[in-house]
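Here is what each chain is made of, one letter per residue.
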Amino acid sequence: MNLFKKFFKYKKNYALIQENQKFSYDYLIKYSKSISKIIKKNSLIVLVSKNDIQPIAFYTSCIRNGYYLIILDENCDKKFYLETIKRFKPNYIFYPKKFINLKKNYKKFFLSDYCLIRIDTKKRKINNKNSIILTTSGTTSNPKFVRLSNKNLFKNTQQIINYLGIKKKDITITTLPMAYSFGLSILNTHLESGSTIVINNDPIFSKNFWLKIKNNNICSFGTVPAVYDYLKKIKFESFISTSLKYLTVAGGKTKRETLEYIFKICIKYRIKFFVMYGQTEASPRMSYFDLTKYPEKIGSIGKTIKNSKFKINKDELVFYGENVSLGYAKNLNDLKKGDINRGKIKTGDLGYKDKDNFYFLTGRKKR
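Residues numbered from 1 in each chain as written. Predicted model: local features only at pLDDT ≥ 70, side-chain atom pairs only at ≥ 80, totals over all residues. Heavy atoms only, no water.

**Details of the sheet that holds strand β20 (residues 344–353)**
Our working definition: Two strands make a pair as long as DSSP finds a minimum of two bridges between them. To qualify as a helix, a DSSP run of H or I must reach at least 4 residues; to qualify as a strand, a run of E must reach at least 2; elements of each kind are numbered from the N terminus. To get an axis, a line is fitted to the C-alpha atoms, and for a helix only the part in contact is used. The angle between two axes follows their N-to-C directions and goes from 0 to 180 degrees.
The strand order β17-β18-β20-β21 describes an open sheet built from 4 strands, whose pairing is antiparallel. Bordering the open sheet on either side are β17 (309–313) and β21 (359–364), each of which pairs with just one other strand. The average angle at which neighbouring strand axes cross in this sheet is 50 degrees, direction not considered. Pairing between β20 and β21: 5 bridges, direction antiparallel. Within β21, the position partnered with G351 by the bridge is L361.

Laid out in structure tokens, this is it:
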């Protein structure tokens with residue numbers, strides 16, 4: 001099964017909401033069909049992304065149409081962007097009009113505030129196991145490019161949907177860039193389950209963000225530890241909406257005092273709080289647990305997702321699962337490669353397992 005092939009089941013449901021506009025799954029299906037008439041099969045595309053209707057619809061179209069997609073964030077370093085174009089030689093680039101001015105006389109297609117340019121239609125030699133290429137960081141000047149298959153994405157998406165119990169009636173909100181693997185995973189899990197995503201670009205500590213939570217009956221949101229640290233500082237308890245069912249955190253180690261603070265609020269308002277651990281190389285989530293259910297395991301990264309496992313080799317966590325990426329890529333030539341990792345990655349994190357099979361991290365391995 002491939003990602004986003006079930007949109008037809010949710011045709012009448014709202015997939016995306018932005019300000020006062022609502023877009024159904026039928027809109028995404030039609031958008032995908034229109035893109036397929038412009039872009040040739042097996043094309044390599046660079047998507048310069050942000051949380052907005054057009055980039056998200058374009059992303060789902062690329063997945064549905066089977067294009068090879070490199071996702072960059074609109075705030076990425078411009079030199080890095082130009083270097084990426086040079087190294088991977090894409091057939092097409094989709095970007096916000098204000099992002100960069102390409103002076104060459106390429107064929108251009110305008111889509112609202114975005115532009116799709118065709119560099120050429122020459123077929124690239126790419127292994128068909130590849131689907132999307134994500135960077136390990138959307139803003140640094142020298143990130144690694146991670147090759148992910150549709151199977152990687154689909155398996156991890158299903159694992160998260162099943163664990164969190166995401167239903168088509170649920171509503172979430174964007175808090176992270178879609179070029180960031182955790183942010184993209186939140187999009188994937190909710191679109192695959194037929195639920196609704198409120199597109200947001202306001203900071204999580206702004207009044208507008210919490211008004212969107214309240215006005216749209218948001219069920220959940222997920223973000224990184226640093227944001228929860230800030231929410232603790234501003235005592236966000238006063239903003240809590242009764243519609244919230246659960247919160248998630250991933251993307252690094254969360255301070256113990258922050259975990260304790262969020263835990264108390266979640267217990268008080270009957271909200272679940274899921275601590276997650278992942279890496280882009282694992283599509284991206286590897287383990288999780290509900291802190292409100294296991295408060296005695298505070299500080300843990302939980303247990304591995306279904307049908308996967310950790311092994312500890314010389315104190316380093318090694319992960320095995322169907323969501324393990326295919327490998328890295330430095331340039332177009334590397335996209336000829338298939339599955340190099342073969343379902344196994346060394347995380348670079350040191351840790352141990354307790355008697356209840358909960359895992360704890362103790363540091364990073366010195367390379």
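And the narrative resumes.
**Some remarks on the environment of K22**
Worth spelling out the cut-off: Whether two residues are in contact is decided by their heavy atoms: any pair within 4.5 Å suffices.
Of note, K22 is situated in strand β2 (residues 21–24). Here the alpha-carbon distance between K22 and I53, two residues 31 residues apart in the chain, equals 9.8 Å. The contact partners of K22, leaving out residues within four places of it in the chain, are Y14, L16 and I17.

**Remarks on the nonpolar core**
Nonpolar side chains tend to gather and get buried jointly when the protein is soluble and globular. Basically, it comes down to this: Here, the term nonpolar core denotes a set of buried Ala, Val, Leu, Ile, Met, Phe, Trp, Tyr and Cys residues that are joined through side-chain atoms within 4.5 Å. Three exposure classes are used, based on accessible area relative to the maximum for each residue type with a 1.4 Å probe and protein chains only: buried under 20%, partly exposed in between, and exposed over 50%.
Residues L16, F58, Y59, I71, I132 and L191 are the most contacted members of the largest nonpolar core, which totals 43 residues. A total of 7 residues in this core trace back to one element, the largest contributor, which is helix α2 (residues 53–65). Discounting residues that sit within four places of it in the chain, Y59 has contacts with L3, F4, L47, L69, I71, M178, L184 and N188. Membership of the second largest hydrophobic core comes to 30 residues, among which are F221, Y228, V249 and F273.

That's the geometry; what it means functionally is another story.
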